[in-house]
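Inside the fold
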Amino acid sequence: MNRYTWVDTAYDLSWTVAVSRGRTVDEVRVAYGVDQGIGLLTFGQADAERAEHLGDYGLVQFKAHGEYLVAIEPNGWVGNGAEVACVLSRPTGLFFSVYWSVNGHQLVQAVDGRITGRFDPTFIGLPAGANDLLPGWVGDDEFPLEHLRSASLAAMERRTGLSFDPVWLTEPLPTYRIPA
């Protein structure tokens, strides 16, 4: 978790980061419903573009890393949806996403085309919400509130084998529009 402590104090960071294994950019673009590319942008530039056009369209950025494809959505949540998770883990695969904003926090895991985890780590140990599905790997002390964000990225790394590199937020990445 220590490698991710930088996110615990990144108070402006509102996003979904999703990891799929063995998928092409084209497959992920289709799953996200992407309509057009807008070029290479850093996360900050994409976040500013997203803020300017909040009701018009969403944005997603892609980073290929070995067998993984990382989708980063500034102030977006498409990659946190069950349908995208199931599609990108089907027929035999893995999908994991982490979403947080001022409106909430949620992790989604899908394996072989079905949701195997969907929960808000803020409420571990409390009665589950209507859509919660807590996977067996989650322990009561897995997500300490003071390190909720870094613990979420650490969980993503443990479940997928991919460590998130913060350089990806400053590196210009292919950026696409998601219709509203």
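What you see is a predicted model, and the numbers here were worked out from it, not measured in a lab. (Residues numbered from 1 in each chain as written. Predicted model: local features only at pLDDT ≥ 70, side-chain atom pairs only at ≥ 80, totals over all residues. Heavy atoms only, no water.)

**Some points on the overall build of the chain**
Put simply, the rule is: Helix and strand definitions here come from DSSP, where helices need a minimum of 4 consecutive H or I residues and strands a minimum of 2 consecutive E residues; each element is numbered from the N-terminal end. Based on C-alpha atoms, the radius of gyration is set beside the globule rule, defined as 2.2 Å times the residue count to the power 0.38. Any pair of residues with heavy atoms lying within 4.5 Å of one another is described as a contacting pair. For the accessible areas, the method is Shrake-Rupley and the probe is 1.4 Å, while residue cover comes only from the protein chains on display.
Counting its regular elements, the chain contains four helices and eight strands. From first element to last, N terminus to C terminus, the chain shows the α and β order β-α-β-α-β-β-α-β-β-β-α-β. Radius of gyration (C-alpha) of the chain: 15 Å, near the 16 Å computed for a compact globule of 180 residues. Structurally, the chain occupies a C-alpha span of about 45 × 40 × 30 Å along its principal axes. By sequence separation, contacts in the chain at least 24 residues apart represent 65% of the contacts at least 6 residues apart. Carbon together with sulfur atoms contributes 51% to the accessible area of the chain, which is approximately 8600 Å² in total.

**Quick notes on the environment of Arg149**
Mapped onto the fold, Arg149 is located in helix H4 (residues 148-160). Arg149 sits 145 residues away from Tyr4 along the chain, and the two C-alpha atoms are 8.0 Å apart. If we ignore the near neighbours within four places in the chain, the residues touching Arg149 are Val7, Asp8, Ala10, Tyr11, Leu13, Trp100 and His105.

**Quick word on the sheet that holds strand S6 (residues 104-111)**
To summarise the sheet geometry, strands pair through backbone hydrogen bonds and adopt either a parallel or an antiparallel arrangement. Here is the rule we go by: If DSSP finds at least two bridges between two strands, the strands pair. In this analysis, axes come from line fits to C-alpha atoms, helices being fitted only over the stretch in contact, and the angle between any two N-to-C directions falls in the range 0 to 180 degrees.
The strand order across the open sheet formed by eight strands is S2-S8-S3-S4-S1-S5-S6-S7, and the pairing between neighbours is antiparallel. Strand pairing shows two members of the sheet lacking a second neighbour, strand S2 (36-41) and strand S7 (114-119), which therefore form its edges. Neighbour-to-neighbour, the strand axes of the sheet open up by a mean angle of 20°, direction not taken into account.

**Here's the deal with the packing of aromatic side chains**
As a reminder of what qualifies: Aromatic pairing here means that ring centres of Phe, Tyr or Trp (its six-membered ring) are within 6.5 Å. Orientation follows from the plane angle: under 30 degrees is stacked, over 60 is edge-to-face, and everything else is tilted. Under the scheme applied here, a residue whose accessible area is under 20% of the maximum for its type counts as buried, over 50% as exposed, and between as partly exposed, the area being computed with a 1.4 Å probe on protein chains only. Criterion for a charge above a ring: Lys NZ or Arg CZ within 6 Å of the ring centre, and within 35 degrees of the ring normal.
Applying the stated rule across the entire model yields ten aromatic pairs. Relative to Trp137, the ring of Phe119 lies with its centre 6.1 Å away and its plane at 70°, an arrangement referred to as edge-to-face. Residue Phe119 is located in strand S7, and its partner Trp137 is located in the loop between S7 and H4; the two are separated by 18 residues in the primary sequence. Trp137 carries the same exposure label as Phe119, and that label is buried. In this structure an aromatic cluster arises from ring pairing among Trp6, Trp15, Phe43, Trp100, Phe164 and Trp168. Over the face of the ring belonging to Tyr57 we find Arg177, whose NZ or CZ atom lies 4.2 Å from the ring centre.

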